[in-house]
Amino acid sequence: MPKNIPVPKDRLVSLLPQPLLRFFSRYPPSQPIPADKPHPFEFHINPLSGNRNDPVYSRRRQADLINKARPFGLDGILKEMGALRDMGSAKPMKGLIKWKRHKSERTYKSRMKKREDALEGMAEKIKAWNPEKAEGKARRLAEKEANIKAATRE
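Residues numbered from 1 in each chain as written. Predicted model: local features only at pLDDT ≥ 70, side-chain atom pairs only at ≥ 80, totals over all residues. Heavy atoms only, no water.

### Thoughts on the overall build of the protein chain
When its secondary structure is counted, the protein chain shows nine helices and two strands. When the helices and strands of the protein chain are listed from N to C terminus, the series reads α-α-β-β-α-α-α-α-α-α-α. Put simply, the protein chain has 154 residues, and 14% of those count as buried. Long-range pairs, those at least 24 residues apart, make up 41% of the contacts in the protein chain with a sequence separation of at least 6. (Helix = DSSP H or I, 4+ residues; strand = E, 2+ residues; numbered from the N terminus. Buried < 20%, exposed > 50% of the residue type's maximum accessible area, 1.4 Å probe, protein only. Contact = heavy atoms within 4.5 Å.)

### Thoughts on the environment of Asp75
Tracing the backbone through its elements, the reader meets Asp75 in helix H4 (residues 75-81). A relative accessible area of 19% places Asp75 in the buried class. Beyond its immediate sequence surroundings of up to four residues, Asp75 is in contact with Ile66, Ala69 and Arg70.

### What to know about helix H9 (residues 131-153)
In a regular helix each residue adds 1.5 Å, so 23 residues correspond to 33 Å; H9 covers 33 Å between its end C-alpha atoms and thus fits that length. With two of its 23 residues buried, H9 lies for the most part at the surface. (Expected span 1.5 Å × (residues − 1).)

### Examining the pattern of salt bridges
Summed over all chains, the structure comprises three salt bridges. With its nearest N and O atoms 3.3 Å apart, the salt bridge here joins Arg60 to Asp64. Note that Arg60 and Asp64 are positioned in helix H3 (residues 59-69) at a spacing of four residues, about one turn of the helix. The shortest N-O distance in the salt bridge between Asp117 and Lys113 comes to 3.5 Å. Here Asp117 pairs with Lys113, and both are found in helix H7 (residues 108-119), just four residues apart, close to one helical turn. (Salt bridge = Lys/Arg side-chain N within 4 Å of Asp/Glu carboxyl O.)

### Quick look at the packing of helix H8 (residues 122-129) against H9
Packing of H8 against H9 brings their axes to within 5 Å, and their N-to-C directions diverge by 125°. What the angle tells us is that H8 and H9 run oblique. Facing H8, whose interface residues are Ile126, Lys127, Ala128 and Trp129, H9 presents Pro131, Lys133 and Ala134. When the residues that make up the contact of H8 with H9 are grouped by side-chain class, the tally is five nonpolar, no polar and two charged. (Axes fitted to C-alpha atoms, helices over the stretch in contact; angles between N-to-C directions. Parallel < 35°, antiparallel > 145°, perpendicular 65-115°, else oblique. Nonpolar A, V, L, I, M, F, W, Y, C, P; charged D, E, K, R; others polar.)

Next up, the structure:
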């Protein structure tokens, strides 16, 4: 559904995806969460055993709900209810800040620069090293170009 298009409220309910409808039917935003039900986004401690019970909606499912609610403008309601609380406070992992890359990727530019510098003026270097070989190569190239021109004329 495109963003920022006004939709009547009665029609909005029919457009909502099934997981959002299910969530809002279980936990209506206008009513406080009953004491007998656990908060859907927070863990709770069992009073008998003292064990910690996971939230009804995991972080992944909370993110899915928010992503499905965003086109309808309902993501603010979910965040007010406590979805994805404290997600921004954690520091990112070291590798995500600046990825080190593979050694060949890191040294690519310097290797290419060395290669270009070595190839620069290579024709003169070849002539100085072996003038006969350079003249022979130039002669063969001239013959090849002449053969190509002759073939294209016919």
